[in-house]
Amino acid sequence: MDMRFTPDELAFRDQVRAFLQTELDPELARKVRLHQHLTKDDMEGWHAKLHARGWLAGNWPTEFGGAGWTAIQRHIFEEESALAHAPRIVPFGIAMLGPVLQKFGSREQQDHWLPRILNGDDWWCQGYSEPGAGSDLAGLRCRAERQGDHYVVNGQKTWTTLGQYANMIFCLVRTSTEGKKQEGISFLLIDMTTPGVTVRPIVLLDGTAEVNEVFFDDVRVPAENLVGEENQGWTYAKYLLTHERTNIAGVGFATAALDNLHRVARAQIHRGRPLAEDPVFASEIAAVEIELMAMSTTNLRMLSAAAQGQAPGIESSMLKIKGTQIRQRLDALTRRAYGGHALALPATGNEGQPQDADEVLAATATWLNNRKLSIYGGSNEIQRGIIAGALAKG
Amino acid sequence: MDFQLSDDHRMLQDSLRGILTRHTGEGLWPALAEAGVIAALLTEDEGGFDGSGAAVALIFQELGRAGAALPLIPTMIAGAALAQAGHEVPEGTVLAFADAEPGTRYDRGVAIRADGDSLTGRKTMVAGAEDAAAILVTTADALWLVQPGAPGLTLRGYPMMDGQRGADLILEATPATRLGALSDFGRPLARGVLAHSAHALGTITAAVDLTLDYLKQRKQFGQPLISFQALAHRAADLAVEVEQARSAVVNLSGHLTADASLRDRHLQACKVTLGRVARLVAEESVQLHGGIGMTEEYALAGMVRRLMTADTAMGDADWHLDRFARGEPAWA
């Protein structure tokens, strides 16, 4: 057993740190740290810098223009990026669609779409959930009907993150109602500028509108935009979900949140002393820090097993649950640490805000926004169902 | 980054598993000694041949899984401490480690005091004391050696929750040899915490496996219990916590020889995590079983009692959490 990074991995970490040091604009890092709104330019600018370095698609094989990193390298990159408060790479093209096209797409689709993901020509979003199909995703009803060399799409998608910036959406659509509900689903690539596509923002409880509803009204999609085979989309969708696993634990985000919590607890005054010295509060921080120490090693153990070729099982479900629990506990403690100062609404426009309160507002915004962590990507209850299902078989 | 067992440790694990299926009760200790398992707990300097965190973790996990109740942890701690202090380590025999005191939770040196070269006072919950060839005793800040037949020493034996025998020690001006300051023995004590934690992890996995088997096989309302979501989700949560516990043991075993401050943080984190998860598994496994889980006849009973001892020995989760939060070392 050896818990150290190899010399190669340490050298890689140094490269990542040096890159973040020189390329990450401090003002952008400040916005990320304070949970402030990132513009499309902010995100695209960061993508472009990573692409110039060849690091935008760490998870892609080199033959497709990716960096071909190991799971450990990806982990290092994600952790260092989080600690430096770099914007996270928008996952829809890079982490989600890319691996599906590489595995199931035609040669033409790969040649056409993959370079456009890397160079920023396309901004992808994800059309999975529907108003009636959330946790029960296979119950989706958005319909695609083949008419000659086109599919005609009618229906609605929802929770479409950053759909307002996207020009392309990959969708799970129903192409058959026969047999099991999982068997009539297809994976379709849709140009959002096609007539009949409407995007409507959904304002969330933190005041932001990062998610949207997307409506399809007789939208004509060229049949060549079907990925793989008709009615096999569920297989591709599941592949996509398992492929998005390396950063599911969010160790880097949690570590950055813990550092911030320690800083806040040292600065806030409680009974005339720093809050960090209050035994009740300090032991709550300690308990979650100890959880993070273990989860970080759970994450590395699972990455290391995957790197040695062990088939991924229920590990990502376990990391999803524990990782989101830890982050939500950290968010709650951070907001609590501010006590009576944490009452203002995070900025929603130009309506004013309390003085010297950027970080307090960030704590509130983060708490509100991160309620999503235990809901998206398969809610934690869905993950428990997956784990229990595997335990019942094992 | 490599979390695999080495070839040597895999062989050790195989041989240990074989012994644990063939021997129980009185025959187990000599079989372990003969197979070199006990010597594997000590380093070469201490008269053994391994003593690494990985070896200690794997041996006690297997013992915990098998439900073995032997005073091996105090023997290991005392052996390592005696060797470090330049004393001869009695071979093949039980050694005792007297740490807890009545009425003081985990504070040391309240019920016992040193006066020159003698100790007066009480120690309690001393596993293996009745059979020990040497007894190590803690005071507020020092570690002492007391011979079993020393004048003024009285032992009162009793059964312990984990199936071992323990004893109260009553010392009245009992001659003792000071081995050194307690803080100098951070490494043997850390190895003791690792052993307790790994033993608990072994018991945890055994109890969770037994519980899952039961959930799959027991039917109510015409269906296996695991098909009921309220139970299935609790089982899933247990599985997640088992991995947390495993990682905490990996962290301490990987940092056993690290700098004292880093080692102690992992020690505290490990003890907090194992204490918490052991309690959770003890409580949940009984509840998920229902009434059968409370019967002495069923295998869970012994596991539950052993799980409850895991938290209590060498500082419980609350005690270590408090010191972790304050940034204090593991031992005063």
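Residues numbered from 1 in each chain as written. Chains lettered and ligands numbered in written order. Predicted model: local features only at pLDDT ≥ 70, side-chain atom pairs only at ≥ 80, totals over all residues.

**Q** Any chance you could explain helix α8 (residues 251-267) of chain A here in plain terms?
**A** Since one α-helical turn is 3.6 residues long, residues separated by three or four positions face the same way. Residues and elements named next belong to chain A. Under the 1.5 Å per step criterion, the end-to-end length of α8 is 24 Å for 17 residues, consistent within 8% with the ideal 24 Å. Those residues of α8 that sit buried are V251, G252, F253, A254, A256, A257, L258, L261, V264 and A265. Buried-residue contacts for α8 involve α4 (71-83), β10 (273-274), α9 (279-307) and α10 (315-337). (Helix = DSSP H or I, 4+ residues; strand = E, 2+ residues; numbered from the N terminus. Expected span 1.5 Å × (residues − 1). Buried ≥ 20, exposed ≤ 12 C-beta atoms within 10 Å, placed from the backbone. Contact = placed C-beta atoms within 7 Å.)

**Q** Would you take a moment to explain the nonpolar core for this structure?
**A** One broad trend across soluble globular proteins is that nonpolar side chains are buried collectively. Ranked by size, the top nonpolar core spans 155 residues in total, and within it B:I59, B:A96, B:L136, B:W144, B:I204, B:A235 and B:L307 carry the most contacts. When residues in this core are grouped by element, the largest group, 15 residues, is from helix α5 (residues 186-217) of chain B. With residues up to four places along the chain from it excluded, the contact list for B:W144 reads B:L119, B:L136, B:V137, B:T139, B:A176, B:T177, B:R178 and B:L179. Membership of the second largest hydrophobic core comes to 53 residues, among which are A:I89, A:L137, A:F170 and A:L189. (Core = buried A, V, L, I, M, F, W, Y, C linked by C-beta atoms within 7 Å.)

**Q** I would appreciate a short explanation of the interface of chain B and chain A in the present structure.
**A** Of the residues lining the interface, 29 residues belong to chain B; the matching set on chain A comes to 31 residues. Mapped by element, the contributors of at least two residues to the side of chain B that touches chain A are α5, α6 (229-254), α7 (260-289) and α9 (317-326) of chain B. Counting residues per element, the side of chain B that touches chain A draws most heavily on α6(B), which supplies 14 residues. Of the residues assigned to the side of chain B that touches chain A, the class counts are 17 nonpolar, six polar and six charged. (Nonpolar A, V, L, I, M, F, W, Y, C, P; charged D, E, K, R; others polar.)

**Q** Please clarify how the pairing of strand β6 (residues 153-159) of chain B should be interpreted in this entry.
**A** The side chains of a regular strand alternate between both faces of the sheet. Residue and element names in this part refer to chain B. In this structure, β6 lies alongside strand β7 (residues 165-175), joined through seven bridges in antiparallel fashion. Residue pairing across strands places T154 opposite I170, the latter belonging to β7. The antiparallel hairpin formed by β6 and β7 contains five residues in its connecting segment, where G163 sits at a positive phi of about 95°. (Pairing = 2+ DSSP bridges.)

**Q** Help me out: how do you make sense of the domain arrangement of chain A in this one?
**A** Where the parts come together, the accessible area they lose is often given as the size of the interface. According to the domain assignment, chain A contains domain 1 (7-89), domain 2 (122-231) and domain 3 (248-346 + 353-393). Summarising the inter-unit geometry, the C-alpha centres of domain 1 of chain A and domain 2 of chain A are found 29 Å apart. (Domains from an automatic or database assignment.)

**Q** Just to check I follow, could you spell out the sheet that holds β7(B) for this structure?
**A** Picture the strands of a sheet paired through backbone hydrogen bonds; they go either parallel or antiparallel. Residue and element names in this part refer to chain B. An order of β2-β3-β7-β6 is seen for the four strands of this open sheet, with the pairing classed as antiparallel. The open sheet has two free edges, formed respectively by β2 (112-115) and β6, since each of these has just one partner strand. Averaged over all neighbouring strand pairs, the angle between strand axes comes to 15°, with direction disregarded. The sheet contact formed by β2 and strand β3 (residues 118-123) spans four bridges and is antiparallel. (Axes fitted to C-alpha atoms, helices over the stretch in contact; angles between N-to-C directions.)

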